[in-house]
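# Structural characterization, general
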Amino acid sequence: MPTELQALIFDVDGTLADTEAVHLQAFNDAFAQEGMGWHWTESEYTKLLEVSGGKERMLHYWRQTNPDMKELEPGARAEVVARLHEIKTAAYEARVMAGAVQLRPGVLALMEAAQREGLMMAIATTTSPVNIGALLRPVLGPDWRFHFAAIGDASTAPLKKPHPQVYQQVLREIGKPPGACIALEDSHNGLKAALAAGVAAIITPTSFTAHQDFSGALVVRPDLQGITLSMLQTWLAEKRAVAA
Ligand code: XBP
Ligand code: MG
């Protein structure tokens, strides 16, 4: 059993930044632009977040609101959703690049500490790759990718959280055992994905996920402010001692 914390694996939406209100605006931008006649409210969207991934979320909503709709051609509905998602992604990226979201408290300090101490960092998200760059480029610079030993996202892991695929991919790529890693997550689906891959998770919920079930989390905190690497190491060691 590894005893040292060797890597931090960061989720993106909700964890690095409270992005979901901006995702919601971008979905509604796309619905309006394409004349879908849909408009998601914040409470509706909070419930829809149980489905990870923008395309999956729209398909789920469409099937739910129009269960009897017959597709004239197989895949026609998925094609419309893919088009909506392209528009939504561009709208989201523009909003983020215009400064609509900031990193949550403590995120940058934890990343800087990990770098100072030579701890590996990785990203495990269900979101689209362009969204990660829009968020991290302004804070970490044009070489933001090189801060991370692996980046798992919607383009690498088609099976979305709570499926552990993205965590399994990232673990393979960084070559670390799951017990030597800690995941930083904000949602029930993220927690389940990390746990199913054998990775302990710290949860920092947002207003969109605060009502969810976080049983099995290593620790639940309002945010990452004041969380040090030695605290993470201690929590991991305590968990291992209990499990032994
Ligand atoms: C959260 C999500 C994402 C975003 C939408 O991902 O479920 O799907 O809401 O992003 P995570 P896309 O917390 O794992 O980062 O539209 O690009 O799918
Ligand atoms: Mg998240």
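One can find the structure itself at the top, above this paragraph.
A few points on the structure. Residue indices follow the written sequence of each chain, beginning from 1 at its first position. Chains carry letters from A onward and ligands carry numbers from 1 onward, assigned in written order. Given that the model is predicted, a residue must reach a pLDDT of at least 70 before its local features are reported, and side-chain atom pairs must reach 80 or more before they are shown or counted; all residues, however, enter totals for whole chains, interfaces and linings. Side-chain measures were taken over the full set of non-hydrogen atoms in the model, leaving aside hydrogen atoms and water.

### Section: the overall build of the protein
Test applied: Only DSSP runs of H or I covering at least 4 residues are called helices, and only runs of E covering at least 2 are called strands; the numbering of each starts at the N terminus. We take the radius of gyration over the C-alpha atoms and set the globule estimate at 2.2 Å times the residue count to the 0.38 power. Three labels apply to residues, based on accessible area from a 1.4 Å probe with only protein chains included: buried if under 20% of the type maximum, exposed if over 50%, partly exposed otherwise in between. Note on contacts: a residue pair is in contact if any heavy atoms of the two residues lie within 4.5 Å. Exposure was quantified through the Shrake-Rupley algorithm and a 1.4 Å probe, taking into account, for residues, occlusion by the shown protein chains and nothing else. We treat Lys and Arg as the positive residues and Asp and Glu as the negative residues; His and chain ends play no part in the count. Every charge is mapped onto a representative atom, which is NZ of Lys, CZ of Arg, CG of Asp or CD of Glu.
For the protein, the helix and strand inventory stands at nine helices and six strands. Its C-alpha atoms give the protein a radius of gyration of 18 Å, within 12% of the compact-globule value 18 Å for 244 residues. Reported as C-alpha extents along the three principal axes, the dimensions of the protein are approximately 55 × 35 × 30 Å. Looking at the protein residue by residue over its 244 residues, the buried ones come to 51%. Counting contacts in the protein only where the partners sit at least 6 residues apart, residues at least 24 apart contribute 66% of the total. In the structure as shown, the protein presents an accessible area of about 11300 Å², 53% of it carried by carbon and sulfur atoms. Looking at charge distribution, the protein has the averaged site of its 21 positive side-chain charges lying 3 Å from that of its 27 negative ones.

### So, the site of ligand 1
Definition in use: Residues are classed as near a molecule or strand on a simple rule: at least one heavy atom within 4 Å of it. In protein, a polar contact requires one atom able to donate a hydrogen and another able to accept it; more generally it is a pair of N or O atoms within 3.5 Å, and residues adjacent in sequence count only if both atoms are side-chain atoms. Lining residues are those with an atom within 4 Å of a point, where the points come from a 1 Å grid over the protein atoms alone and group into cavities, where a 1.4 Å probe fits but cannot get out, or pockets, open sets with protein on both sides within 12 Å along at least five of seven lines. Each molecule is checked against the cavity or pocket grid, and it sits inside if more than half of its atoms lie within 2 Å of the grid points. For this scheme, ten residues count as nonpolar: Ala, Val, Leu, Ile, Met, Phe, Trp, Tyr, Cys and Pro. Four count as charged, namely Asp, Glu, Lys and Arg, and the remainder, Gly too, count as polar.
Near ligand 1 there are 18 residues, and of these G54, R57, K88, T125 and S128 occur at the shortest range. E20 places a polar side-chain atom, nitrogen or oxygen, 3.0 Å from an oxygen atom of ligand 1. Coverage of ligand 1 by the protein amounts to 95% of the 450 Å² it exposes when considered alone. For ligand 1, the cavity whose grid points lie within 2 Å of the majority of its atoms is the largest pocket. Looking at the shell around ligand 1, the elements that each hand over two or more residues are α1 (20–33), α3 (54–65) and α4 (76–97). When grouped by side-chain class, the residues that make up the shell around ligand 1 number two nonpolar, 10 polar and six charged.

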